[in-house]
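Fold and contact review
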Amino acid sequence: MVTGIICELNPLHSGHKYLFDAVKQSEKDAVVCCMSGNFVQRGEFAVYDKFTRARSALENGADLVIELPAAYSTLSAEGFCRAGVNLLEATGIVDRLAFGAENDAIAVLKEIADQLLDKEIQRKITEEMKSGISFAAARSRVLDTDLLDYPNNILAVEYLKATKLPCLAVKRIGKGHDTDDEEYSSSAIRSKLSGDEISSMKNCEIAVLSKLRTMTAQDFLKITDVSEGLENRIIDAVRNATMLDELYDMIKSKRYAHSRIRRIILRAYLGIYEMPKEPPYIRILGFNAKGKALLSEMKKNASKPIVTKLSDCDSSTLPFYEQECGFTDLYNLGYKLPRPCGTEQRSKIILI
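What comes next concerns the included structure. Here the structure is a predicted model, which is why all the values come from computation and not from measurement. (Residues numbered from 1 in each chain as written. Predicted model: local features only at pLDDT ≥ 70, side-chain atom pairs only at ≥ 80, totals over all residues. Heavy atoms only, no water.)

**Topic: the side chain of Glu231**
- Following the sequence through the fold, Glu231 ends up in helix α12 (residues 230–240).
- Although Glu231 lies buried, it forms no salt bridge, and the closest oppositely charged side chain, Arg260, sits 8.8 Å away as judged by the N-O distance.
- Setting aside anything within four residues of it in sequence, one finds Glu231 in contact with Ala217, Phe220, Leu221 and Val226. (Helix = DSSP H or I, 4+ residues; strand = E, 2+ residues; numbered from the N terminus. Buried < 20%, exposed > 50% of the residue type's maximum accessible area, 1.4 Å probe, protein only. Lys, Arg positive; Asp, Glu negative; His and termini not counted. Salt bridge = Lys/Arg side-chain N within 4 Å of Asp/Glu carboxyl O. Contact = heavy atoms within 4.5 Å.)

Shown next, in the form of structure tokens:
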């Protein structure tokens, strides 16, 4: 059984290893991770680069790691999950999808997913949002459930919306997301990391603010999730804010959550205005001996090109690959001692 897991590992904690172990019931079982690259869904730089985190995944139970590119890893939960599912299904080797959730009752989560696919439910959510509340608040009000107050449940529902593969929900252990639980919470681990060893958007704050100050309202309007006059609110904040946290607070409102604002600002910094509807290729970050055999099977069955290095690209995939290289150059400014350009092109696949 080959299980696909969409993850960020920012950074990896015991809960991730627990999930990997939970889906491997025999020596024949394998895990394929689709992992966010250098930028993560919360609208931040990944604390460690994607190859470092791929190694960590392989050392803790994953067998093959592919990349969820920045253009998709920085989308809302729906877009993030849809792109991850698309890549795992495109490998042609994944038998099922697994994910951690605060509620592991698949039938309950699937019922919510089906409701959210219903056009009448979608209309009601849109109507609720007209009162000025956020999408998340409108969704919970229409569905009359508190299950979507929990981040992993939200992702689980989005995975179920996006895939036709069989799914397994594994109950999340520990205190939960965004707690002080250093064993099972990435945010708790991040809070203890030395700023000298990680990459952070805060470390290149001036570079980010400089880019934003060159942009117009029309530029911001080209970014996913910017609509209904939000571009003007962003422009006003950009003209007055001198720090990123101040900028986020100026833009945030009852309608627009911090996470949405951070993603918009990150995508503006990276210059992500347009992108293919789905990832154009499968980028390999690392594998072990079992993963090598999986990769051989993938080469026979995949419905997308497989990329391990620049020379694997053709005229249709090269622009996207080169764009990702540029994103890594900007990511490298996030270190206290910035790294030079070109590290993406020089990086080698992780072999365990």
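Having seen the structure, we can now continue with the description.
**Here we look at the nonpolar core**
- In this structure, Leu212, Phe220, Ile234, Leu247, Ile265 and Ile284 are the most contacted members of the largest nonpolar core, which totals 92 residues.
- Ranked by the residues each element gives to this core, the list is headed by helix α4 (residues 77–90), at eight residues.
- Aside from chain neighbours lying at most four places away, what touches Ile284 is Leu64, Val65, Ile66, Leu295, Met298, Ile306, Val307, Thr308 and Ile349.
- Core analysis: the second largest hydrophobic core is formed by 20 residues, Val31, Leu58, Val65 and Leu285 among them. (Core = buried A, V, L, I, M, F, W, Y, C linked by side-chain atoms within 4.5 Å.)

**Some points on unusual backbone geometry**
- With an omega dihedral of -5°, the bond running from Asn10 to Pro11 counts as a cis peptide bond.
- In this fold, Pro11 is placed in the loop between β1 (2–7) and α1 (14–23).
- Despite not being glycine, Leu9 shows a phi value in the positive range, around 50°.
- Note on placement: Leu9 falls in the loop between β1 and α1.
- The backbone phi angle of Glu228 is positive, close to 55°, even though this residue is not glycine.
- You can see Glu228 is positioned in the loop between α11 (217–221) and α12.

**Quick look at the pattern of salt bridges**
- Within the structure shown, the criterion is met by 18 salt bridges.
- Asp114 serves as the salt-bridge partner of Lys110, at 2.8 Å between the closest nitrogen and oxygen. Linking Lys110 with Asp114, this pair stays in helix α5 (residues 106–117), spanning four residues, or about one helical turn.
- Residues Glu158 and Lys161 are paired through a salt bridge, measuring 3.1 Å at the closest nitrogen-oxygen approach. Taken as a pair, Glu158 and Lys161 lie in helix α8 (residues 151–162) at a separation of three residues, close to a single helical turn. Of the two residues examined, Glu158 and Lys161, each falls in the buried class.
- Among the charged side chains, a network of salt bridges with common partners joins Lys50, Glu67, Arg283 and Glu344.

**Overview of the pairing of strand β2 (residues 30–36)**
- Across the seven residues that make up β2, a large majority, seven, are buried.
- Along β2, one buried face is formed by Ala30, Val32, Cys34 and Ser36 and the opposite face, lined by Val31, Cys33 and Met35, is buried too.
- Pairing of β1 with β2, which is carried by six bridges, proceeds in the parallel orientation. From the neighbouring strand, Ile5 faces β2, where its bridge partner is Cys33.
- Once you follow β1 into α1 and on to β2, the crossover reads as right-handed. (Pairing = 2+ DSSP bridges. Right-handed = clockwise from strand over helix to strand, strands pointing away.)

**Observations concerning α8**
- Taking 1.5 Å as the rise per residue, α8 with 12 residues should run 16 Å; its terminal C-alpha atoms sit 17 Å apart, in good agreement.
- Across the 12 residues of α8, nine count as buried, placing the element largely inside the fold.
- Each element contacted by the buried residues of α8 is listed here: β1, α4, β6 (96–101), α5, α7 (135–143) and β7 (167–171). (Expected span 1.5 Å × (residues − 1).)

**A short note on the side chain of Arg96**
- Mapped onto the secondary structure, Arg96 falls in strand β6.
- For the buried Arg96, no salt bridge is present, and the opposite-charge side chain at shortest range is Asp29, 5.7 Å distant.
- Within the structure, the side chain of Arg96 is placed 3.1 Å from the backbone oxygen of Val23, a separation counted as a polar contact.
- Here Arg96 is in contact with Met1, Val2, Thr3, Gly4, Val23, Leu165, Pro166 and Leu168, once residues within four sequence places are set aside. (Polar contact = N/O pair within 3.5 Å; in protein donor to acceptor, adjacent residues only side chain to side chain.)

**Thoughts on the packing of α5 against helix α6 (residues 119–129)**
- The interhelical angle for the contact between α5 and α6, taken along N-to-C directions, is 75°, at an axis separation of 5 Å. Taken together, the axis directions place α5 and α6 in an arrangement best described as roughly perpendicular. Touching Gln115, Leu116 and Leu117 of α5 are Lys119, Ile121, Gln122 and Ile125, all from α6.
- By residue class, the composition of the contact of α5 with α6 is four nonpolar, two polar and one charged. (Axes fitted to C-alpha atoms, helices over the stretch in contact; angles between N-to-C directions. Parallel < 35°, antiparallel > 145°, perpendicular 65-115°, else oblique. Nonpolar A, V, L, I, M, F, W, Y, C, P; charged D, E, K, R; others polar.)

**Focus on the packing of aromatic side chains**
- As enumerated under the stated definition, the model contains eight aromatic pairs in all.
- For the pair Phe39 and Tyr331, a centre-to-centre distance of 5.7 Å together with 85° between the ring planes defines the contact as edge-to-face. A residue pair is termed long-range when its members are at least 10 positions apart, and Phe39 in strand β3 (residues 39–40) and Tyr331 in helix α16 (residues 318–331) qualify at 292 residues. No difference in accessibility class separates Phe39 from Tyr331, as the two residues are buried.
- Ring plane angle 35° and centroid distance 5.4 Å describe the contact between Phe99 and Tyr159, whose orientation is recorded as tilted. Here Phe99 is found in strand β6, whereas its partner Tyr159 is found in helix α8, with 60 residues between them in sequence. Side by side, Phe99 and Tyr159 carry an identical accessibility label, which is buried.
- Each residue in the set Phe39, Phe45, Tyr269, Tyr331 and Tyr335 is aromatic and connected to the rest through ring pairs, giving one cluster. (Phe/Tyr/Trp six-rings, centres within 6.5 Å; stacked < 30°, edge-to-face > 60°.)

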